[in-house]
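Each chain, written out:
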Amino acid sequence: MTGCRVEVCPDPFDPWQQLALWGGDEAAAAIFIGRVRPTTTDGRPLEALELEHFPGLCERQITAMAQRLQQEHRAGPILVLHRVGRLAPGEPIVLVAVQADRRGAAQRCSAALLEQLKHQAPFWKREWCAGQGTWLVANTPL
Amino acid sequence: MTGCRVEVCPDPFDPWQQLALWGGDEAAAAIFIGRVRPTTTDGRPLEALELEHFPGLCERQITAMAQRLQQEHRAGPILVLHRVGRLAPGEPIVLVAVQADRRGAAQRCSAALLEQLKHQAPFWKREWCAGQGTWLVANTPL
Amino acid sequence: MDVVLKVLLFASLRERAGWAERSLPFTPGVSTAREVWNQLDLGPLEGISVAVNQELVGANQPLQAGDELAFLPPFTGG
Amino acid sequence: MDVVLKVLLFASLRERAGWAERSLPFTPGVSTAREVWNQLDLGPLEGISVAVNQELVGANQPLQAGDELAFLPPFTGG
């Protein structure tokens, strides 16, 4: 149908501004935004979340999964933004937006793409707390 | 956890501006936006979509379903905007946004609330085409 | 004293009937939404929701004098 | 002519090893990612993904001289 825009962002992004620029007017749009939690996985106050990726491979993996899911769900335009670098609590990490002619297609495609992003794209998170960094070994459960 | 904001809007709204004003920084936000299709259900070009509601009952029904689902899914803040009046093709009809600590809770609560809105809130759509209005007898399938 | 029921119709029901709001005399013998509906002669009640005083209720709930009774065609919002 | 493999480590693997990138001599006897990994002495390969020339591949795929080989700990993005 139309394009998949995928961007790995070294700088903070404003999700609403990005969505406004992205535009589109299909009948359904399902959007997910993930933000940095204020605490570490073991419950201490989080100083910052660091995100690393494998440049090149990462963007191509995401584009490939977005295109596959777009076909599978007969979805329209897809937008994926993913931060890397050092993030403060509350900052957006990931934005996944899917337009489609049907609400079910948009919702299912958006949810499936988020899961694939979490499990099949080369990103790594490190939690910083009291000056010490700890690499996460797994994602949060669904 | 926190509030459910429900509004029936007689005038057009900008979904991204409304979401930016709504704010919030929970770890997960799942958002759905529905827009007017460019064609009628029987495939002719649509002039306008007219939306009518039962004032009072409608807002209370939506607030009640949002609060029930918020509890059931342990979700955070919920925002529902729904247009009434005469809408042009491409214009936003409905916005459902749910924040939560977990992506699954946000996604499931948002999808469930959209279905309840479609089937249990007193709104009615009339398609205008070539100067003639036709009341819809059912919603589009999921 | 005039003891009445206020009856509201919406959307396609309103267009079919040609009116949006009516005051009917409250007669103790016609004491449920279903009975009022049958008097209105607007077709089968099937698929139509009933609200009394802005609460969705079953069609067989007893009515009180002064109630606001609304008949709602199938919902198509969202 | 120096025939080499370029090896990349990311995130926790990089910290554990203390290096991010190395050029290893390409020896025809050590010709899969699994064999190179075992030489590096960084623990079990379980849970680690392998990319050759920026393509995710199985750990037993034969390597070519000049390949870029990357070892990737479990992904935690999104």
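What comes next concerns the included structure. (Residues numbered from 1 in each chain as written. Chains lettered and ligands numbered in written order. Predicted model: local features only at pLDDT ≥ 70, side-chain atom pairs only at ≥ 80, totals over all residues. Heavy atoms only, no water.)

### Regarding the side chain of E52 of chain A
Tracing the sequence through the fold places E52 of chain A in strand 3 (residues 48-53). For E52 of chain A, a relative accessible area of 12% puts it in the buried group. A distance of 3.1 Å separates a polar side-chain atom of E52 of chain A from the backbone nitrogen of A11 of chain D. When residues no more than four places from it in sequence are discounted, the contact partners of E52 of chain A are V84, P122, F123, W124 and W135 of chain A together with F10, A11 and R14 of chain D. (Helix = DSSP H or I, 4+ residues; strand = E, 2+ residues; numbered from the N terminus. Buried < 20%, exposed > 50% of the residue type's maximum accessible area, 1.4 Å probe, protein only. Polar contact = N/O pair within 3.5 Å; in protein donor to acceptor, adjacent residues only side chain to side chain. Contact = heavy atoms within 4.5 Å.)

### A word on the relation of the copies chain A and chain B
Overlaying chain A on chain B yields an RMSD of 0.0 Å, the required transformation being a rotation through 180 degrees with an accompanying axial translation of 0.0 Å. Taken together, the rotation and translation relating the two chain copies correspond to the operation of a two-fold axis. Interface overlap between copies is the fraction of interface residues in one copy that are interface residues in the other; for chain A against chain B it reaches 100%, indicating a shared surface. (Least-squares fit on C-alpha atoms with pLDDT ≥ 70 in both.)

### A few points about the packing of helix 1 (residues 15-22) of chain A against helix 1 (residues 15-22) of chain B
For the pair helix 1 of chain A and helix 1 of chain B, the least separation of the axes is 9 Å and the interaxial angle reads 180 degrees. What the angle tells us is that helix 1 of chain A and helix 1 of chain B run roughly antiparallel. Here W16, L19 and A20 of chain A of helix 1 of chain A come into contact with helix 1 of chain B, specifically with W16, L19 and A20 of chain B. Of the residues assigned to the contact of helix 1 of chain A with helix 1 of chain B, the class counts are six nonpolar, no polar and no charged. (Axes fitted to C-alpha atoms, helices over the stretch in contact; angles between N-to-C directions. Parallel < 35°, antiparallel > 145°, perpendicular 65-115°, else oblique. Nonpolar A, V, L, I, M, F, W, Y, C, P; charged D, E, K, R; others polar.)

### Notes on the interface of chain A and chain B
Listed by partner, the interface residues are 31 residues for chain A and 31 residues for chain B. The contact between chain A and chain B buries some 2,800 Å² in all, and 50% of this surface belongs to carbon and sulfur atoms. Among the residues chain A hides against chain B, the three largest losses belong to W16, R103 and L142 of chain A. Together they make up 28% of the total. Linking chain A with chain B are four salt bridges, by the criterion used here. As a salt-bridge pair, R103 of chain B and E115 of chain A come within 2.7 Å of each other at their nearest N and O atoms. One can count nine residue pairs in polar contact (both at pLDDT 80 or more) joining chain A with chain B. Counting only elements with at least two residues in the side of chain A that touches chain B, the list comes to helix 1, strand 2 (28-35) and helix 3 (103-120) of chain A. The element best represented in the side of chain A that touches chain B is helix 3 of chain A, accounting for nine residues. A class-by-class count of the residues in the side of chain A that touches chain B yields 15 nonpolar, seven polar and nine charged. (Buried area = accessible area lost by both parts, 1.4 Å probe. Salt bridge = Lys/Arg side-chain N within 4 Å of Asp/Glu carboxyl O.)

### Here we look at helix 1 of chain B
All names here are of chain B. Buried within helix 1 are the following residues: P15, W16, Q18, L19 and W22. Seen from one end, helix 1 has its buried residues packed into an arc of 160 degrees, which puts them on one side. Of the exposed residues in helix 1, those oriented more than 90 degrees away from the buried face are Q17 and L21. Once helix 1 ends, the next one or two residues include G23, with phi positive near 70 degrees. (Arc of directions from axis to C-beta.)

### With respect to the pattern of salt bridges
One pass over the full model with this rule turns up 24 salt bridges over all chains. When the shortest N-O distance is used, the salt bridge between K6 of chain D and E68 of chain D registers 3.8 Å. Of this pair, K6 of chain D sits in strand 1 (residues 4-9) while E68 of chain D sits in strand 5 (residues 68-72); the two residues are 62 residues apart in sequence, bridging distant segments of the chain. It is possible to trace a salt-bridge network through shared partners that takes in E50, E52 and R126 of chain A together with R14 and E15 of chain D.

### Things to note about the packing of helix 2 (residues 57-72) of chain A against helix 3 of chain A
Residue and element names in this part refer to chain A. With their axes 10 Å apart at the nearest point, helix 2 and helix 3 run at an angle of 150 degrees to one another. Taken as axis vectors, helix 2 and helix 3 run roughly antiparallel relative to one another. Classified by chirality, the crossing of helix 3 by helix 2 is right-handed. Of the residues in helix 3, those touching helix 2 at Q61, I62, M65, A66, R68, L69 and Q70 are C109, A112, L113, Q116, L117 and Q120. For the contact of helix 2 with helix 3, a count of residues per class yields eight nonpolar, four polar and one charged. (Left-handed = near helix turned anticlockwise from the far one by under 90°.)

### Remarks on the interface of chain B and chain C
Each partner contributes to the interface: chain B provides 25 residues, whereas chain C provides 19 residues. Together chain B and chain C conceal approximately 1,700 Å² of surface at their shared face, both sides included; 57% is due to carbon and sulfur atoms. Together, F54, W124 and W135 of chain B form the three largest contributors to the area buried by chain B at its contact with chain C, with a combined 34%. Between E15 of chain C and R126 of chain B there is a salt bridge, with its nearest N and O atoms 3.2 Å apart.

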